[in-house]
Amino acid sequence: MGTVIAMAHCPFHDDRTPSLAIYEDSYHCFGCKKTGKLEPWMTELISGVDVRDKATPTLHTTDYSYELTDSVKKFFTDRQIPDWHVGNYLIKCKGNVVVLPCYDADMQVTGYQKRNVARQTKNKYITVPINNVYPDYSWCPVMTQESLTSANRLVVIVESIVDGLFVNLAGFDAIALLGTSPRGSLIPLLAHYGLSCIIFFDPDAIVVASYLNDKFNAHGINSVVFDSDCKPYEADIMKVNTTLQGLRKELKDGE
Ligand SMILES: [Zn+2]
């Protein structure tokens, strides 16, 4: 298995001390003996290497339209995201290519994520910079265009913007990591605003979610992991709302 690159609290048993060893391509729990594989993108947050697919130069957003094409409309419908929400987030498209803006806490656009919805590839999103600077995350508020100004609020940390839009429909603000790694300005941002976090990743990224939770806690950020059996956007919105409310209460009681 090679060298241990990090230890984390094990998400598979009630783990009081970090018993889960993370290797470059796998994990092993010394407590419950659970073992599994990790995709390279999952160990990105531990190695600190940005493995996102990156595009340059900056994209000409004027070539894209707010009017959704049939394939893009289907992409969002399949993910339970209604057209009005796609419109409010100011998502554009052209043919099969969808362009999702990445917003900072002040709702300034800091870059884009681009995806061809007709292509089934492993690394699905391409990150596009603005002035050669890549976005660290995207703020996805429930209230359209609302800046992240009030302290002590709760945010759901998700992998992608689409997951963030789904979480909004369940009534919660989200921050999309654009991958599974918190980059540059994110942890200082969470700490600065005293935000509480619920980490809601795909089930296959549960080990990474647990590691991230440890990392947040080490920085004094109050956080908890949503242990889900399906991808965020595949879940039942009402059930997600109920679970998130329960976790919010758990975080409040733990303060
Ligand atoms: Zn374990």
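Residues numbered from 1 in each chain as written. Predicted model: local features only at pLDDT ≥ 70, side-chain atom pairs only at ≥ 80, totals over all residues.

(A) Fine view of the sheet that holds strand E11 (residues 154-158). Taking strand neighbours across the sheet as the criterion, the five strands line up as E10-E12-E11-E13-E14 in an open arrangement whose pairing is mixed. With one partner strand each, in any of the chains shown, strand E10 (138-140) and strand E14 (223-225) form the two edges of the open sheet. For this sheet, the mean inter-axis angle between neighbouring strands, taken without regard to orientation, is 25°. Pairing analysis gives three bridges linking E11 to strand E12 (residues 174-176), with the strands arranged parallel. Bridged to Ile 157 within E12 is Ile 175. (Pairing = 2+ DSSP bridges. Helix = DSSP H or I, 4+ residues; strand = E, 2+ residues; numbered from the N terminus. Axes fitted to C-alpha atoms, helices over the stretch in contact; angles between N-to-C directions.)

(B) Molecular detail of the nonpolar core. By size, the foremost hydrophobic cluster in this structure holds 63 residues, and its most contacted members are Val 156, Ile 157, Ala 174, Ala 176, Ile 199 and Phe 200. When residues in this core are grouped by element, the largest group, seven residues, is from helix H6 (residues 206-218). Built from parts of two domains, this core gets at least three residues from each of domain 1 (6-38) and domain 2 (54-254). Ignoring anything within four residues of it in the chain, the contact list for Val 156 reads Val 167, Phe 172, Ala 174, Ile 198, Phe 200 and Leu 244. (Core = buried A, V, L, I, M, F, W, Y, C linked by C-beta atoms within 7 Å. Buried ≥ 20, exposed ≤ 12 C-beta atoms within 10 Å, placed from the backbone. Domains from an automatic or database assignment. Contact = placed C-beta atoms within 7 Å.)

(C) How the structure looks around the pairing of strand E3 (residues 26-29). Side-chain alternation along E3 places Tyr 27 and Cys 29 on a buried face and Ser 26 and His 28 on a face that remains uncovered. Of the strand pairs in this sheet, strand E2 (residues 20-22) and E3 are connected by three bridges, and their pairing is antiparallel. Paired with Leu 20 across the strands is Cys 29, a residue of E3. Adjacent in sequence and paired antiparallel, E2 and E3 are bridged by three residues. For E3 and strand E4 (residues 35-37), the ladder comprises three bridges, and the chain directions are antiparallel. Bridge assignment links Tyr 27 to a residue of E4, and that residue is Gly 36. Counting the residues that bridge the hairpin from E3 to E4 gives five residues, and of these Lys 33 lies at a positive phi of roughly 70°.

(D) Representation of unusual backbone geometry within the structure. Look at Lys 33: it is not a glycine, yet its phi comes out positive at around 70°. Locating Lys 33 in the fold gives a position in the loop between E3 and E4. If you check the backbone angles, Asn 131 has positive phi at about 50° while not being a glycine. Looking at the element boundaries, Asn 131 is found in the loop between strand E9 (126-128) and E10. Judged by the 8 C-beta atoms lying within 10 Å of it, Asn 131 falls in the exposed class.

(E) Highlighting the environment of Ile 187. Looking at the element boundaries, Ile 187 is found in helix H5 (residues 186-192). The class for Ile 187 is partly exposed, based on 16 C-beta atoms found within 10 Å. Distance in space between the C-alpha atoms of Ile 187 and Lys 215 is 9.2 Å, their sequence separation being 28 residues. In this view, Ile 187 contacts Pro 182 and His 219; residues no more than four positions away in its chain are not counted.

(F) Spotlight on the domain arrangement of the chain. According to the domain assignment, the chain consists of domain 1 (6-38) and domain 2 (54-254). The distance between the C-alpha centroids of domain 1 and domain 2 comes to 26 Å. Across the boundary between the two partners, domain 1 contributes nine residues, which contact seven residues of domain 2. Looking at the side of domain 1 that touches domain 2, the elements with two or more residues in it are strand E1 (6-8) and E2. Looking at side-chain class alone, the side of domain 1 that touches domain 2 contains eight nonpolar, one polar and no charged residues. (Nonpolar A, V, L, I, M, F, W, Y, C, P; charged D, E, K, R; others polar.)

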